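# Chain and residue survey
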Amino acid sequence: MNKIKLMSHLVAGYPTSDLALSAARALVKGGADILEIQLPFSDPSADGPAIQTACTKVLENGYKTSDGLKFISQIHKEFPDTTIYLMSYASLVYTPGIENFCAQAAKAGVKGMIIPDLPFDFDEGLTKACRKNGMINIPVAAPSMSAERLEKLSCAGFPYIYAALRTGITGTDTKIDESTLSFLKKVSAGGSKIYGGFGISDGTQSKALANSVEAVVAGSVFVRIITENQNDEIKLSEQIEKKARELCGL
């Protein structure tokens, strides 16, 4: 079987900037094709306990958006060939002005934006601002969407769509079954390439998804590994790389 493309999720600054950087290096070494880097947010609506706890800790350390963009810039300089997407929530992007934020993100090396609480058809100008700055907006599709709305999104012309594989929050186990694969077919019906995630934590799941998505997305599993090994940087890096290789089918 060919290598499975992996989009790995990382919370900027967690648990420290140095350890987050070590984790990013291990993810790239383990085969991650895309780094989805989350700017910490105080009330994340789609994130499960692992990511929410990580965000809280980083914010308690006084971490700011500017720190997150510096972190992204550092990773981009070290790994210029690795695609970086920025994941956050609408208020962090909207407050400084969406055009201004997108310009800063693009300058840091971001290639795409994932903002789950900005609807694809009422995005406050995000898609346009991304395009202006050489980035893409990646909207989120969820199984809870009505058939009409899902069809509208799939035919809206986005190059990529992030498919949340179930409703609720991420971080708990997701079963890949016929209904999951049927949902992915609907999301991709208009020709968009699909990133599929939410609760992906092992190689069996990623293999089950591989033929239906452009890349498998995994996040909470890496955040948990970082949390468990934050007092041992070498072990943290080894375990992150090992899990990334497993999810890539290597």
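For the structure, see preceding data.
Model, not experiment: these values are computed from the prediction. The written sequence of each chain sets the order in which its residues are numbered from 1. At least 70 in pLDDT is required for a residue's local features to be given in this predicted model, at least 80 for side-chain atom pairs to be given and counted, and no such filter applies to totals for whole chains, interfaces and linings, which use all residues. Hydrogen atoms and water are omitted, and side-chain values are computed over all heavy atoms in the structure.

On to the overall build of the protein, then. Think of it this way: any DSSP run of H or I at least four residues long counts as a helix, any run of E at least two long counts as a strand, and we number them from the N terminus. Along the backbone of the protein there are 11 helices and nine strands. Throughout, radius of gyration means the C-alpha value; the globule benchmark is 2.2 Å times the number of residues raised to the power 0.38. Computed over its C-alpha atoms, the radius of gyration of the protein comes to 17 Å, within 12% of the 18 Å expected for a compact globule of 250 residues. Projecting the C-alpha coordinates of the protein onto the three principal axes gives extents of approximately 50 × 45 × 30 Å. Per-residue burial over the protein gives 54% buried out of 250 residues. Long-range pairs, those at least 24 residues apart, make up 72% of the contacts in the protein with a sequence separation of at least 6. Per-residue and other accessible areas follow the Shrake-Rupley method at a 1.4 Å probe size, with only the shown protein chains counted as cover for residues. Here the protein has roughly 11,100 Å² of accessible surface; of this, 49% comes from carbon and sulfur atoms. As used throughout, the charge tally considers Lys and Arg to be positive and Asp and Glu to be negative, leaving His and the chain termini uncounted. Taken as the charge location is NZ of Lys, CZ of Arg, CG of Asp or CD of Glu. Across the protein, the 26 positively charged side chains and the 27 negatively charged ones have centroids separated by 4 Å. For every residue, the accessible area obtained with a 1.4 Å probe (protein chains only) is divided by the maximum for its type, and the residue is called buried under 20%, exposed over 50%, and partly exposed between those limits. Residue contacts are counted whenever heavy atoms from the two residues lie within 4.5 Å of one another.

Below, the discussion takes up the pattern of salt bridges. Just to be clear on terms, a salt bridge is a Lys or Arg side-chain nitrogen sitting within 4 Å of an Asp or Glu carboxyl oxygen. What the rule picks out here adds up to eight salt bridges. The residue Asp-121 makes a salt bridge to Arg-149 at a minimum N-O spacing of 2.8 Å. One end of the pair, Asp-121, is in the loop between strand S4 (112-114) and helix H6 (126-132); the other, Arg-149, is in helix H7 (residues 147-154), with 28 residues separating them in the sequence. Overall, Asp-121 belongs to the partly exposed group, its relative accessible area being 23%. Linked by salt bridges that have partners in common, Asp-121, Arg-149 and Lys-152 make up one network.

Between the first and last residue of a helix there are one fewer steps than residues, each counted as 1.5 Å, and that sum is the expected span. For helix H2 (residues 49-60), which comprises 12 residues, the first-to-last C-alpha distance of 16 Å matches the rise-based estimate of 16 Å (1.5 Å per residue) to within 8%. If you check which residues of H2 are buried, you get Ala-50, Ile-51, Ala-54, Cys-55 and Val-58. Considered in projection along H2, the buried side chains sweep an arc of 130° and stay on one side of the axis. With respect to the buried face of H2, the exposed residues turned more than 90 degrees away are Pro-49, Thr-53 and Glu-60. The arc under discussion is defined with respect to the helix axis, by the directions toward the C-beta atoms.

In this section: the packing of helix H1 (residues 17-29) against helix H3 (residues 65-78). Every angle, taken between N-to-C directions, lies between 0 and 180 degrees, and every axis is a line fitted to C-alpha atoms, over only the stretch in contact when it is a helix. Across the interface, H1 lies against H3 with an axial gap of 11 Å and an inter-helix angle of 35°. Considering only the axes of H1 and H3, their crossing is right-handed. On the side of H1, the interface is formed by Ser-17, Ala-20, Leu-21, Ala-24 and Arg-25, while H3 contributes Phe-71, Gln-74, Ile-75 and Glu-78. Under the scheme applied here, ten amino acids are nonpolar (Ala, Val, Leu, Ile, Met, Phe, Trp, Tyr, Cys and Pro), four are charged (Asp, Glu, Lys and Arg), and all others, including Gly, are polar. A per-class count over the contact of H1 with H3 returns five nonpolar, two polar and two charged. It is the rotation of the near helix from the far one that decides the hand of a crossing: anticlockwise by less than a right angle makes it left-handed, clockwise makes it right-handed.

Bringing the pairing of strand S9 (residues 215-218) into the picture now. Burial along S9 is two-sided: the residues Ala-215 and Val-217 and Val-216 and Ala-218 are all buried. In this scheme, strands are said to pair when DSSP sees at least two bridges between them. By the bridge criterion, three bridges tie strand S1 (residues 6-11) to S9 in an arrangement that is parallel. Paired with Met-7 across the strands is Val-217, a residue of S9. The sheet contact formed by strand S8 (residues 193-197) and S9 spans three bridges and is parallel. Among the inter-strand pairings, Tyr-195 is bridged to a residue of S9, identified as Ala-215. Since S8 and S9 lie parallel, the crossover through helix H9 (residues 203-209) that links them has a hand, and here it is right-handed. When the strands point away from the viewer and the path from the first strand over the helix to the second turns clockwise, the crossover is right-handed.

Our next topic: the nonpolar core. In this description, a nonpolar core means a group of buried Ala, Val, Leu, Ile, Met, Phe, Trp, Tyr and Cys residues linked to one another through side-chain atoms lying within 4.5 Å. Grouped together as the largest cluster of nonpolar side chains are 76 residues, with contacts concentrated most on Phe-71, Ile-75, Leu-86, Met-113, Leu-126 and Phe-222. The greatest single-element share of this core, amounting to eight residues, is contributed by H1. In this structure, Ile-34, Met-87, Ile-114 and Tyr-160 belong to the second largest nonpolar core, which totals 15 residues.

What follows is about unusual backbone geometry. In this model, Tyr-14 is joined to Pro-15 through a cis peptide bond whose omega is -10°. By the secondary structure assignment, Pro-15 is in the loop between S1 and H1. Unlike most non-glycine residues, Glu-124 shows phi in positive territory, near 60°. The topology assignment puts Glu-124 in the loop between S4 and H6. What makes Glu-124 exposed here is its relative accessible area of 53%. Its identity as a non-glycine residue notwithstanding, Phe-198 has a phi of 110°, on the positive side. Of note, Phe-198 is situated in the loop between S8 and H9.

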